[in-house]
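Reading the structure
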Amino acid sequence: MNPLAILAALGLILGIGSRATRDFERLAAEDIRSKLSGERRTVRVSTRLRSLPAHFARVTIEAAHFSAKRLPLFTEPWRHKSGSIRELQIQLKDFSLAGLHIDSLEASIPDCNFDFQLALGHKVMRLSKSGIGKGKVEIAQRDLETYILHKYHEIKRVSVTVDKDIVWVEGYGEFLIAKTNFVVIASLDPSDGEKLMLSRAKIYFDWRRADPAGAQALLDTLNPIVDLRKDLGLYDAVSIKRIELRNGVLKAFGSTKIPIAPENENRGPTIELIWSLPSLHAWR
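Let us look at the structure shown here. (Residues numbered from 1 in each chain as written. Predicted model: local features only at pLDDT ≥ 70, side-chain atom pairs only at ≥ 80, totals over all residues. Heavy atoms only, no water.)

Examining the overall build of the protein chain
When its secondary structure is counted, the protein chain shows five helices and 14 strands. For the protein chain, the residues scored as buried account for 52% of the 284 residues in total. Accessible area for the protein chain stands at about 14,100 Å²; split by element, carbon and sulfur atoms hold 52% of it. (Helix = DSSP H or I, 4+ residues; strand = E, 2+ residues; numbered from the N terminus. Buried < 20%, exposed > 50% of the residue type's maximum accessible area, 1.4 Å probe, protein only. Areas by Shrake-Rupley, 256 points an atom, 1.4 Å probe, with all protein chains shown as cover.)

What follows is the structure, encoded as structure tokens:
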């Protein structure tokens, strides 16, 4: 690669506020957008330079109004770690993941790396390492209702009320044990960092307190309400430490990272974080 091309690529990646950087961010956003669904989907990528060469103080990904079947971001640890991102910020709003609508997801992940040689040689950017940061997810009670009906075909009607760290689930279901109206009044706790479990539950069938065997059978059917790995395809991207239930909103707090690409993924372009760079001759 000739020196002018190398300088052009460096100017693109490290930009310092130039048109090249703006185009880099635009193309990055367009590529991420192509991995998501939804006519109204929007994606914005912004960067802040740290130092030479290819070291960023911050990269921010903002996306909204989209849907995806699983997590669209992975790391490829077999790649070089010659580029660095001190802080990767992810801000997602109004999106659906595997059928669950989520109001917002915010994450701040430190100490990430990407393959700088791959960016120069092939005009794509792949994350090769992720640190562990902190994040927050917010889900409205109305969206839990929709998700429960989507996940549990036994439940034909349901309403969910979330407040004062209690979840109230009321509905009608056709279970193996009975066809009945039911009420579950319970706490919602994280289990193994990836499951949301109804616990300390009071259960009623047709407004009569359920016997222990019937109550346990219903809990076994409903739990986990959400499995981040199995239901949402998040792998180990999020580990929930604390859940807060207030005013109709479920808030989950925990650690976050960009997980390693699954072993069955090929090592070519898939739905990992891929940022396309314009051809180098355009920047000479």
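What about helix 5 (residues 212-222)?
Here helix 5 has its buried residues at Gly 214, Ala 215, Leu 218, Leu 219 and Leu 222. Down the axis of helix 5, the smallest arc covering the buried residues is 135 degrees, so these residues share one side. For helix 5, exposure combined with an orientation more than 90 degrees from the buried face picks out Pro 212, Ala 213 and Asp 220. Where helix 5 is buried, its residues contact strand 7 (155-163), strand 9 (179-191) and strand 10 (195-205). (Arc of directions from axis to C-beta. Contact = heavy atoms within 4.5 Å.)

Some points on helix 4 (residues 141-151)
Think of an α-helix as 3.6 residues a turn; residues three or four steps apart then line up on the same face. Buried residues of helix 4: Asp 143, Leu 144, Tyr 147 and Ile 148, and no others. The arc that holds every buried residue of helix 4, seen down its axis, measures 140 degrees, which confines them to one face. In this structure, the buried side of helix 4 is in contact with strand 4 (100-114), strand 6 (133-140), strand 7, strand 12 (226-227) and strand 14 (249-256).

Some thoughts on the packing of aromatic side chains
To describe a pair of aromatic rings, you give the distance between the ring centres and the angle between the ring planes. By the definition in use, this model includes five aromatic pairs. Arranged with centres 6.2 Å apart and planes meeting at 40 degrees, the rings of Phe 56 and Phe 114 form a pair that is tilted. Residue Phe 56 is found in strand 2 (residues 55-68), and its partner Phe 114 is found in strand 4; the two are separated by 58 residues along the sequence. For the pair formed by Phe 56 and Phe 114, the shared burial category is buried. Considering the side-chain rings of Phe 74 and Tyr 235, the 5.3 Å spacing of their centres and the 75 degrees angle between planes classify their relative orientation as edge-to-face. Note that Phe 74 is positioned in the loop between strand 2 and strand 3 (83-97) and Tyr 235 in the loop between strand 12 and strand 13 (238-246), a separation of 161 residues in sequence. Residue classification places Tyr 235 among the partly exposed residues on the basis of a relative accessible area of 22%. Positioned above the aromatic ring of Tyr 204, the side-chain terminus of Arg 209 is 5.6 Å from the ring centre. Above the face of the Phe 253 ring, Arg 242 is positioned so that its terminal group lies 4.1 Å from the ring centre. (Phe/Tyr/Trp six-rings, centres within 6.5 Å; stacked < 30°, edge-to-face > 60°. Lys NZ or Arg CZ within 6 Å of the ring centre and 35° of its normal.)

Comments concerning the side chain of Arg 41
Its place among the elements puts Arg 41 in the loop between helix 2 (19-34) and strand 1 (42-51). Despite its burial, Arg 41 pairs with no opposite charge, the nearest such side chain being Glu 39 at 7.9 Å. If sequence neighbours within four positions are ignored, Arg 41 has contacts with Arg 33, Leu 36, Ala 64, His 65 and Phe 66. (Lys, Arg positive; Asp, Glu negative; His and termini not counted. Salt bridge = Lys/Arg side-chain N within 4 Å of Asp/Glu carboxyl O.)

What about the environment of Leu 196?
By the element assignment, Leu 196 lies in strand 10. As a C-alpha pair, Leu 196 and Ile 243 span 47 residues in sequence and 8.8 Å in three-dimensional space. Setting aside its immediate chain neighbours within four residues, Leu 196 contacts Leu 188, Asp 189, Asn 223, Pro 224, Ile 225, Val 226, Ile 240, Ile 243 and Leu 250.

Looking at the pattern of salt bridges
Per the stated rule, a full pass over the model turns up twelve salt bridges. Among the ionic pairs, Arg 58 bridges to Glu 87, the shortest N-O distance being 3.1 Å. Of this pair, Arg 58 sits in strand 2 while Glu 87 sits in strand 3, placing them 29 residues apart in sequence. The partner of Asp 189 in a salt bridge is Arg 200, with the nearest N and O atoms 3.0 Å apart. Residue Asp 189 is found in strand 9, and its partner Arg 200 is found in strand 10; the two are separated by eleven residues along the sequence.

All we've got here are geometric facts, nothing functional implied.
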